[in-house]
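# Residue-level structure breakdown
Each chain, written out:
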Amino acid sequence: MKVLLTGGAGFIGSHTFVELIKDGYTPIIVDNLYNSSERVLERLEKISGVKPIFYKIDVCDKKAFRAVFKEHDISSVIHFAGYKAVGESVNIPLAYYRNNIDSTLSLCELMKEFGVVQLVFSSSATVYANNTQMPLTEDMPTGATNPYGWTKYMIEQILQDFCAADPELSVALLRYFNPVGAHESGLIGESPRGIPNNLMPYITQVANGKLERLSVFGNDYPTPDGTGVRDYLHVCDLAAAHAAACKYISQHKGCEIFNIGTGKGYSVLDLVKTFETVNQVKIPYAIVDRRPGDIAECYADPSRAKNQLHWEAKFGIQEMCRDAWNWQQKNPEGLL
Ligand code: UD1
């Protein structure tokens, strides 16, 4: 069965490719390489033994994208493609709305045109916006605090409406918590452009000396050690959740939302200390002011995914720290 992966050369898409191969699917990668590299393709072949079917196409380019639908009998789509930097989205909001919404609309129109009825979408825990009650469940109110978050919120709404209008459609909206780590081979992983915004890639670049020290954004939150608490999730577990969602949508019509997290919260200092212990490296850090827009804690109630997708996270933060560092050491410059 052919599964189309928009943004399939990226961090989460590439790991999902590997999982889909294991489950007997034929993934087809469509990616404009804006935030990824063609070099990931040979790595995927090394890991999986399968040469990826790849198209360098922008999903917003409907004409070029249509050719892929024409050429392949696609059974389902996983839609990863999108801009994802929170800070950047505040500075160039129109680019975020144009790219993330446009690509989704093109995709949905083509699915309709070619009778493709199964879709998995990369949403984010960012849609829980200002909820302070933890753990987060899928029925809690949603919103956003920045343009990136609003694009996820809006796309969720678009897909719910798309689904409501067509009883044949099956859609899974996956709300990711904080994906980190890398494939155990060290061949694929996260390659942030420039100075990383997210915690784990920042830590790995401090560990290898590229960055001098980590700034810990605030230690006066109402959390056990005062630093922010998040639900870190191994990217290979997240990839497996996509494979489980593909199976689920082949058996269930309608639109369903799933939290994809471990259900456990760890603080910034928990992550730093675990990284140091597991990898035997020192992470110099300094406590600085809170980062605007950050919340004290954010972790999932993943029970719906467990009950309905029969998926749950297998890896702990030790493995996340080990694999993130293994990837960084083997690819000091990433793959971009
Ligand atoms: C961020 C985004 C979220 C997005 C997710 C993608 C914000 C406000 N949220 O989540 O919308 O879906 O990335 O992975 O940007 N931290 C430090 N020092 C650093 C970097 C981070 O102390 O240099 C702390 C943060 O304050 C936070 C934790 O580490 O407590 C995790 O931060 P980060 O990795 O950026 O993820 P989120 O902010 O949770």
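Relevant structure appears above.
I will try to describe carefully the structure that is included in this document. Since this is a predicted model, take the numbers as computed values, not measurements. (Residues numbered from 1 in each chain as written. Predicted model: local features only at pLDDT ≥ 70, side-chain atom pairs only at ≥ 80, totals over all residues. Heavy atoms only, no water.)

### Remarks on the overall build of the protein chain
- A tally of regular secondary structure across the protein chain gives 11 helices and 14 strands.
- Since a compact globule built from 336 residues should have a radius of gyration of about 20 Å, the 19 Å found for the protein chain is in line with a globular shape.
- Viewed in the frame of its principal axes, the protein chain has a C-alpha envelope of about 55 × 45 × 40 Å.
- Relative to its 336 residues, the protein chain shows a buried fraction of 56%.
- Partitioning the intrachain contacts of the protein chain with sequence separation of at least 6 by distance along the chain shows that 80% fall at a separation of at least 24.
- Counting 32 positive and 38 negative side-chain charges, the protein chain places the averaged centre of each group 4 Å from the other. (Helix = DSSP H or I, 4+ residues; strand = E, 2+ residues; numbered from the N terminus. Rg over C-alpha atoms; globule rule 2.2 N^0.38 Å. Buried < 20%, exposed > 50% of the residue type's maximum accessible area, 1.4 Å probe, protein only. Contact = heavy atoms within 4.5 Å. Lys, Arg positive; Asp, Glu negative; His and termini not counted. Charge placed at Lys NZ, Arg CZ, Asp CG, Glu CD.)

### Regarding the site of the ligand
- Taken together, 18 residues are adjacent to the ligand, and L199, S215, R230, R291 and D294 come closest.
- Contact distances for the ligand include 3.4 Å between an oxygen atom and a side-chain N or O atom of Y148.
- Take N198: an N or O atom from its side chain is 3.0 Å from an oxygen atom of the ligand.
- Across the complex, the protein chains shield 87% of the 740 Å² of accessible surface that the ligand would expose by itself. (Near = heavy atom within 4 Å. Polar contact = N/O pair within 3.5 Å; in protein donor to acceptor, adjacent residues only side chain to side chain. Areas by Shrake-Rupley, 256 points an atom, 1.4 Å probe, with all protein chains shown as cover.)

### A few points about the packing of helix α1 (residues 11–22) against helix α8 (residues 235–251)
- One can describe the packing of α1 onto α8 by two numbers: an axis separation of 8 Å at closest approach and a directional angle of 60°. Regarding the angle of α1 to α8, the classification is oblique. In this structure, α1 meets α8 at a crossing whose hand is right-handed. Residues F11, I12, H15, T16, E19 and L20 of α1 lie in contact with α8, whose contacting residues are V235, C236, L238, A239, A240, H242, A243 and C246.
- Grouping the amino acids of the contact of α1 with α8 by side-chain chemistry returns 10 nonpolar, 3 polar and 1 charged. (Axes fitted to C-alpha atoms, helices over the stretch in contact; angles between N-to-C directions. Parallel < 35°, antiparallel > 145°, perpendicular 65-115°, else oblique. Left-handed = near helix turned anticlockwise from the far one by under 90°. Nonpolar A, V, L, I, M, F, W, Y, C, P; charged D, E, K, R; others polar.)

### With respect to the sheet that holds strand β1 (residues 2–6)
- Ordered by their spatial adjacency, 7 strands build an open sheet running β3-β2-β1-β4-β5-β6-β11, and the pairing between neighbours is parallel. A single partner strand is all that each edge strand has here, and the edge strands are β3 (53–56) and β11 (254–260). For this sheet the average axis-to-axis angle between neighbouring strands, irrespective of direction, equals 20°.
- Sheet topology places strand β2 (residues 26–31) next to β3; 4 bridges connect them, and they run parallel. Its bridge partner being in β3, V30 is matched across the sheet by Y55.
- This element, α8, spans β1, β4 (74–79), β5 (118–124), β6 (170–176) and β11 of the sheet and lies at about 160° to β6. (Pairing = 2+ DSSP bridges.)

### Observations concerning the sheet that holds strand β9 (residues 229–230)
- On the basis of which strands lie adjacent, the open sheet formed by 3 strands has the order β12-β9-β14 and mixed pairing. If you trace the sheet from one side to the other, it starts and ends with β12 (266–267) and β14 (297–298), each paired once.
- Note: β9 against β14, 2 bridges, orientation parallel. Residue pairing across strands places V229 opposite E297, the latter belonging to β14.

### Comments concerning α8
- An ideal rise of 1.5 Å per residue puts 24 Å on 17 residues; α8 measures up with 25 Å between its terminal C-alpha atoms.
- The buried fraction of α8 is high, at 14 of 17 residues. (Expected span 1.5 Å × (residues − 1).)

### Focus on the side chain of N131
- Along the chain, N131 turns up in the loop between β5 and α6 (147–164).
- On the accessibility criterion, N131 (16% relative accessible area) is buried.
- A distance of 2.7 Å separates a polar side-chain atom of N131 from the backbone oxygen of Y128.
- When near neighbours in sequence (up to four residues on either side) are disregarded, N131 contacts L136, M140 and P141.

### Section: the environment of K63
- One can find K63 in helix α3 (residues 62–71).
- Each C-alpha atom of the pair K63 and S106 lies 9.5 Å from the other, and the pair is 43 residues apart in sequence.

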